[in-house]
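Next come the chains, spelled out residue by residue.
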Amino acid sequence: AALGLYFPRKEYLENVYIDQPAGTPLLHIHALRDSREEVARFHLCQNLIVPRARPQENNWFQIREETGLLYLSKSLDREDFNMLSVGNWMPLSKVMLYVFLSSHPFQEKECDSATRTTVFLSLINATAPACSSLTARQLCFTEMDLSFHIKENKPPGTFHQLRLPSVHHLCQNLSISYKLLAAEGVPFRYNENTTSVRVTQRLDREERERYELIAKCTVREGFREMQVEVPFLVNVLDEDDSPPFLPNGTDTADAVVEFNRKEGTVLSTLTVYDADTTPIYPLESSRKKYTGTIITDDPWISETFRVEHIFDEIHFSPNGSQVRGTRHEY
């Protein structure tokens, strides 16, 4: 069976400092479902991928299978850091982990499945900084853009948590609160208690392809208050679920041929719109999707005339938002 679960982000990013205690939560990874029955289970596979060196056995990081919380299972000491940064004189070394999804108890062979996301961990050659030395931006958000991909026609679900688990764990004397600023009626809901964001209904890419919201964070420390806002973007991924349509409802065109026409003369045209897909590269694959045919029993007609197919990307505007599609001309 095809695995329907998927990650709304292609990659995640977090910092790890020397001597952070085992048990420190690092980041929260989410999955969305393809059908209501599915249950997401998260697994770490393989070793740590270390740039310019061979992979290392992962002795430091674990993920909670049911919740997707990635945490330190062993403190990273200076010796570990030196080993993982492989003679890297830089104050920072990046390692990579792959997180895989499964909808049932995990089997090792699923480490080859296509459903994975990449976690980049920046190993920092210093102990964790004092909370008071961090800017509001560092306390509230990672350096990564808040950008998500949600498939159309799929069940609702939680796809992000705004609070950074590592900061929440480290800076308990700070009050950090979030808001999600959005136009009325967008299909997303923010939960203040958990700081999680969920998509509340099935999305339709042919109605709207992109949502632009703003995540706002307020940090309070004593009488001091700092605020920071970042864009929060959701792109809706397409499923081929809308048939092509003809602007005036007719799928055939008659051609009248007059005498002495020159080669290359256009005798008749037919336009087909497809709101679903945009032209795919290589272009041949878009061309194969639809074919134009001359309906005739006469071999002379088949030899003398041909149908040409050109297509380009166009924009439809349902409800005032721009959605990409394709116009095919024969």
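A short tour of the structure in this document, coming up. Every value quoted in this text rests on a predicted model; they were computed, and no experiment measured them.

1. Brief notes about empty space enclosed by the protein
Over the atoms rolls a probe the size of a water molecule, and its path tells where empty space is left.
Next up, step 1: The final tally for this structure, using the stated rule, is three cavities of 30 Å³ or more.
Next up, step 2: Within this model, the largest cavity holds a volume of roughly 190 Å³.
Next up, step 3: Forming the walls of the largest cavity are 18 residues, and the residues nearest its centre are Arg9, Thr142, His160, Gln161 and Leu164.
Next up, step 4: Class assignment of the residues belonging to the lining of the largest cavity gives a composition of eleven nonpolar, four polar and three charged.

2. Side note on the layout of surface pockets
Next up, step 1: When its volume is computed, the largest pocket comes out at roughly 1400 Å³.
Next up, step 2: Contributing to the lining of the largest pocket are 40 residues, with Ser268, Ile294, Arg306, Val307 and Glu308 lying nearest its centre.
Next up, step 3: At three residues, the largest contribution of residues to the lining of the largest pocket is made by helix H5 (residues 299-304).
Next up, step 4: The wall of the second largest pocket is formed by 21 residues, among which Glu14, Asn15, Tyr17, Gln138 and Glu143 lie closest to the centre.
Next up, step 5: Of all the secondary structure elements, the ones that give two or more residues to the lining of the second largest pocket are strand E1 (11-17), strand E6 (92-102), strand E7 (116-124), helix H2 (136-140) and helix H3 (165-170).
Next up, step 6: Tallying contributions element by element places E1 first for the lining of the second largest pocket, with four residues.
Next up, step 7: Here the residues of the lining of the second largest pocket are counted per class, giving eleven nonpolar, six polar and four charged.
Next up, step 8: When residues are assigned to domains, the lining of the second largest pocket turns out to be shared by domain 1 (1-128) and domain 2 (130-239), each giving three or more.

3. A few points about the pattern of salt bridges
Next up, step 1: Tallied over the full model, the rule gives 15 salt bridges.
Next up, step 2: The salt bridge partner of Glu212 is Arg210, with a shortest N-O separation of 3.1 Å.
Next up, step 3: Owing to a relative accessible area of 36%, Arg210 belongs among the partly exposed residues under this scheme.
Next up, step 4: One salt bridge in this structure joins Asp312 and Arg327, with 3.1 Å as the shortest N-O distance. Taken together, the positions of Asp312 in strand E16 (residues 310-316) and Arg327 in strand E17 (residues 323-329) put the pair 15 residues apart, joining distant regions of the chain.

Conventions used here
- Residues numbered from 1 in each chain as written.
- Predicted model: local features only at pLDDT ≥ 70, side-chain atom pairs only at ≥ 80, totals over all residues.
- Heavy atoms only, no water.
- 1 Å grid on protein atoms, 1.4 Å probe; cavity = no way out; pocket = protein on both sides within 12 Å on 5 of 7 lines; lining within 4 Å.
- Points joined across faces, edges and corners; volume = space filled by probe spheres on them.
- Nonpolar A, V, L, I, M, F, W, Y, C, P; charged D, E, K, R; others polar.
- Helix = DSSP H or I, 4+ residues; strand = E, 2+ residues; numbered from the N terminus.
- Domains from an automatic or database assignment.
- Salt bridge = Lys/Arg side-chain N within 4 Å of Asp/Glu carboxyl O.
- Buried < 20%, exposed > 50% of the residue type's maximum accessible area, 1.4 Å probe, protein only.

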